[in-house]
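Overview (structure and organization)
One letter stands for each residue in the lines below.
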Amino acid sequence: MAPLLPRKSKYRNRSTSLAILLLIAFISLWPVSAAALSEMPTKETSWHISALKGTQDQERDLYVAEGEVVITGGNTRLEADYVEFNNTTKDAQARGHVLLISGEDTVTCESMNLNLATETGTIYDGTVFIQENNFYIRGDKITKTGKDTYQAGKASLTSCSGDAPDWKISVRDVKVTMEGYGFAKHATVWAKKMPTLYSPFLAFPAKTKRQTGLLAPQYSISDRKGFQFTQPLFLALSRNTDATLYADYLEKRGIKLGAEYRYLLANGSKGTAFLDFMDDRKIDDGTEDTEDYRYSSTPDRTNTDRYWFRMKHDQNLPGQWKAKLDLDIVSDADYLREFKDGYTGFTQTRDYFDSTFGRSVDDYDDTIRANQFNLNKTWSAYSLNMDVDWYDNVIARRDHSDDTTLQTLPAVAFNSIRQRINHTPLYVDLDSEFRSFYRKDTTAAKTNGQRTDLHPTLYLPMRAGQYFSLEPSVGVRQTLWYSDEYEYASGNDEGFNHRELYDLNLKLSTEVSRVFSPANGFADKIKHEITPALEYHYIPDRDQDDLPFFDDTDRIARRNDLTWSMTNRFVTRKRKPTRAKPESAPLAATKPEGTEEEYVYHEFAWIKLFQTCYFEDQTHYDEDVRFDSSQSFSDISLESEFSPYSWLSLELDADWSPYENHFMEQSTGLTLRDTRGDSIQGWYRYKRERTEPLKVDPSETFYVRLDTTLTSRLSAFFTYEEDLFKKERVEAVTGIQYRKDCWSLLLAYKDEPDDRSFGFIITLYGIGEFGRK
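A quick note: this is a predicted structure, and the numbers were derived from the prediction, not measured.

**A word on the pairing of strand β40 (residues 714–723)**
- Bridge count between β40 and strand β41 (residues 728–739): 10 bridges; the pairing is antiparallel. Bridge pairing links Glu722 to Arg729 in β41.
- Connecting β40 to the next strand, β41, in antiparallel fashion are 4 residues, including Lys727 with a positive phi near 55°.

Put into structure tokens, the structure is as follows:
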């Protein structure tokens with residue numbers, strides 16, 4: 001390998017059949033800050049050139065390499081058939097099969113003029129490749145204006161490989177910043193050779209990190225809203241905060257604006273707030289003219305100012321204290337029904353809060369919305385929770401009617417888990433709370449007041465013979481009330497009242513098991529574990545009619561009952577699949593004798609059956625009377641889960657009445673799936689709810705979802721939900737999706753009793769999504 005060295009002659013040629021290596025040292029320094037630049041020592045970066053043939057012009061400090069030329073230095077690599085490199089100016093002229101790799105940039109072209117020091121130059125008949133998005137920018141003349149920036153007068157954009165892409169976007173005056181965004185004018189989307197969409201302006205991602213810019217728009221058409229177009233704008237405000245602004249055009253309703261703000265604090269605290277607002281053109285005043293915008297299950301809506309504010313915040317405080325804030329304020333009872341889908345819709349918000357904070361929001365049809373502030377601390381055996389709960393009654397607020405919704409301002413709960421008392425065999429736990437109740441409007445029965453409740457329980461676990469576990473426990477309960485508004489039948493005018501109760505409990509259980517050895521493909525071993533148990537509960541009868549009533553704690557029913565239960569668990573054990581040992585593997589690589597095999601355990605079935613026997617007539621203080629007071633036995637209840645194979649899962653819960661000889665409640669869910677991506681899910685729910693001893697309010701619903709892979713690129717789905725008791729459809733959705741390597745198309749049609757809508761999503765990989773989920 002002969003080096004190219006400076007000579008006294010003007011030109012000196014030297015060829016070789018081997019690669020030629022040239023080492024050129026020069027300064028390549030990246031500024032950290034302007035103030036520190038002058039203080040930092042320079043660092044030389046080595047450039048290596050290899051080629052089949054090379055020449056040198058010492059006078060012009062020019063090096064010429066031909067044939068399989070490769071120049072490397074730092075994180076830059078340049079390949080070409082022919083390269084001229086000026087060591088003084090650092091200019092390189094490359095021709096023939098040119099490939100430039102600089103950091104995350106990859107450029108291929110026929111020829112290129114590039115300054116290796118400033119990384120600026122011109123690319124002819126070239127392509128810039130963004131690896132993260134598998135995205136290509138092609139142009140006859142592309143100017144590299146900086147280390148991470150490009151621009152071109154004419155160019156095409158696509159994520160499809162090949163000379164005839166399935167789609168491309170032809171643009172003018174395009175400017176691209178790597179790890180940023182690209183912006184272009186006069187964008188035309190082409191499907192093969194057919195123009196399909198034009199936009200005077202286009203922004204697209206050219207990055208792996210977040211940065212301010214437009215996100216993909218959404219489109220849909222529905223009966224209630226007409227044509228709908230949503231354009232979001234993402235704002236990267238700082239390293240730990242960002243926001244998204246939404247402009248939503250609804251053809252029949254007007255403009256809806258929205259904002260989403262997210263932040264992450266240094267100590268792991270975080271929060272997200274959403275706000276949507278619109279001035280609606282349509283109302284529902286109960287007349288025939290507005291019936292197209294009516295929901296039968298809610299009151300008339302005459303307001304045009306419509307909004308939804310929701311927020312969640314988690315705060316880590318000193319001393320291992322934690323705080324949580326949940327806010328949910330909506331303008332009217334129809335809003336969340338109307339805007340269930342889309343970027344800022346109910347479904348998107350619910351799923352985001354659930355996945356990010358582990359807390360969801362009340363359902364879309366709930367007209368009393370929960371707002372809460374929680375301050376808590378947890379020790380190894382104790383927990384302290386302080387809550388302020390406000391339930392926003394949307395209908396009462398909108399109609400300016402009396403609002404007797406019960407609020408808690410505040411609630412303080414101190415609890416302890418079961419723990420041993422010194423070295424005795426006794427264990428104890430504690431449930432205690434203080435609540436201050438408030439109502440905006442009160443009645444004689446629905447008043448304001450305070451309550452303190454203490455409930456410690458003492459346990460004595462023991463063995464009863466060789467096979468049984470026995471655990472007696474006794475609890476005492478002290479409850480105090482103060483309400484100067486409650487009218488006591490006894491004439492108590494001091495406002496104070498109290499209640500003392502005790503409860504006795506006894507649990508007897510055992511466990512038997514057997515291991516089977518089928519030694520087949522399903523399992524090597526199967527363990528069947530049976531846990532029968534008897535639990536006795538006793539609470540004496542106590543007259544509580546003359547006590548204030550705020551919630552269920554104020555009315556504790558007497559108990560004298562025995563519950564039997566039988567729990568079955570089935571667990572499989574299989575050896576983990578191991579790769580075959582190569583024949584050349586040394587003997588030492590084999591598993592030593594006496595070591596444990598590695599196994600996989602899976603609980604494929606869990607079944608629990610239970611029933612309660614009542615020794616006395618039961619007292620009921622709530623409205624949900626589940627059985628007649630003269631009945632001695634409750635419903636027989638079954639809870640079960642089955643998942644014997646990866647392609648099959650089943651859940652079955654049921655309550656059977658021995659008196660009515662009928663199911664009172666049943667819930668069945670079945671899922672079947674295969675490795676192709678096909679699946680079917682079905683749910684059936686039935687309930688006969690006793691609202692009064694002689695009155696039953698039944699409900700029955702059915703839901704099914706089918707996903708099928710028709711071809712390697714085409715799939716379809718169908719969902720259907722029906723109220724079988726009312727004999728009406730709740731929702732039906734049908735859709736298909738077509739996928740290719742660089743794009744996909746999703747079409748969906750939704751049919752609801754109050755609305756019909758059609759939506760689509762076109763995903764151009766590397767650009768984003770267009771349409772409506």
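Now that the structure is up, let's keep going.
**Quick notes on the state of the cysteines**
- Applying the stated criterion across every chain, the model contains 1 disulfide.
- One disulfide bridge connects Cys160 with Cys742, the sulfur atoms lying 1.8 Å from each other. Residues Cys160 and Cys742 are joined by a disulfide whose S-S torsion is about 80°; by sign, that bridge is right-handed. With Cys160 in the loop between β11 (149–158) and β12 (167–177) and Cys742 in the loop between β41 and β42 (743–752), this residue pair connects regions lying 582 residues apart in the sequence.
- Since its relative accessible area comes to 5%, Cys742 is described here as buried.

**Focus: unusual backbone geometry**
- Cis geometry is found at the peptide bond from Leu409 to Pro410, where omega equals -5°.
- In this fold, Pro410 is placed in strand β25 (residues 407–420).
- In this structure, His186 takes a positive phi of about 50° despite not being glycine.
- Mapped onto the secondary structure, His186 falls in strand β13 (residues 180–191).
- For Lys727, which is not a glycine, the phi torsion comes out positive at approximately 55°.

**Focus on helix α3 (residues 346–357)**
- The terminal C-alpha atoms of α3 lie 16 Å apart, and with 12 residues this matches the ideal 16 Å at 1.5 Å per residue to within 8%.
- Residues of α3 that are buried: Phe346, Thr349, Phe353 and Phe357. Buried residues along α3 cover an arc of 65° about the axis, so they all sit on one side.
- Lining the buried residues of α3 we find β20 (270–279), β21 (305–316), α2 (335–338) and β23 (368–378).

**Details of the confidence of the model for the protein chain**
- Confidence along the protein chain averages 85 in pLDDT terms, with 86% of residues attaining 70 or more.
- Low confidence marks residues 1–42, where pLDDT is under 50. Its contacts with residues over four positions away, or in another chain, come to 79 contacts.
- Contacts for the low-pLDDT stretch residues 584–590, under 50 throughout, to residues beyond four places or in other chains number 1 contact.

**Things to note about the side chain of Gln315**
- If you trace the backbone, Gln315 turns up in strand β21.
- Separated by 2.9 Å, the side chains of Gln315 and His313 make a polar contact.
- In this structure, Gln315 is in contact with Leu265, Asn267, Ser269, Trp321, Lys322 and Ala323, ignoring residues within four places of it in sequence.

**Here we look at the packing of aromatic side chains**
- Evaluation of the coordinates by the stated rule reveals 26 aromatic pairs.
- Plain terms: the ring middles of Tyr219 and Phe227 are 6.3 Å apart, the flat faces sit at 35° to each other, and that makes the pair tilted.
- With centroids separated by 4.9 Å and ring planes inclined at 45°, the aromatic side chains of Tyr335 and Phe339 adopt a geometry described as tilted. Take Tyr335 and Phe339: they sit in the same class, and that class is buried.
- Taken together, the aromatic side chains of Phe522, Phe570, Phe604, Tyr645 and Trp647 make up a single cluster linked through ring pairs.
- Over the face of the ring belonging to Phe357 we find Lys270, whose NZ or CZ atom lies 5.4 Å from the ring centre.
- Sitting over the face of the ring of Phe353, Lys312 holds its NZ or CZ atom 5.2 Å from the ring centroid.

So, how was this worked out
Residues numbered from 1 in each chain as written. Predicted model: local features only at pLDDT ≥ 70, side-chain atom pairs only at ≥ 80, totals over all residues. Heavy atoms only, no water. Pairing = 2+ DSSP bridges. Helix = DSSP H or I, 4+ residues; strand = E, 2+ residues; numbered from the N terminus. Disulfide = S-S within 2.5 Å. Buried < 20%, exposed > 50% of the residue type's maximum accessible area, 1.4 Å probe, protein only. Expected span 1.5 Å × (residues − 1). Arc of directions from axis to C-beta. Contact = heavy atoms within 4.5 Å. pLDDT = per-residue confidence, 0-100. Polar contact = N/O pair within 3.5 Å; in protein donor to acceptor, adjacent residues only side chain to side chain. Phe/Tyr/Trp six-rings, centres within 6.5 Å; stacked < 30°, edge-to-face > 60°. Lys NZ or Arg CZ within 6 Å of the ring centre and 35° of its normal.

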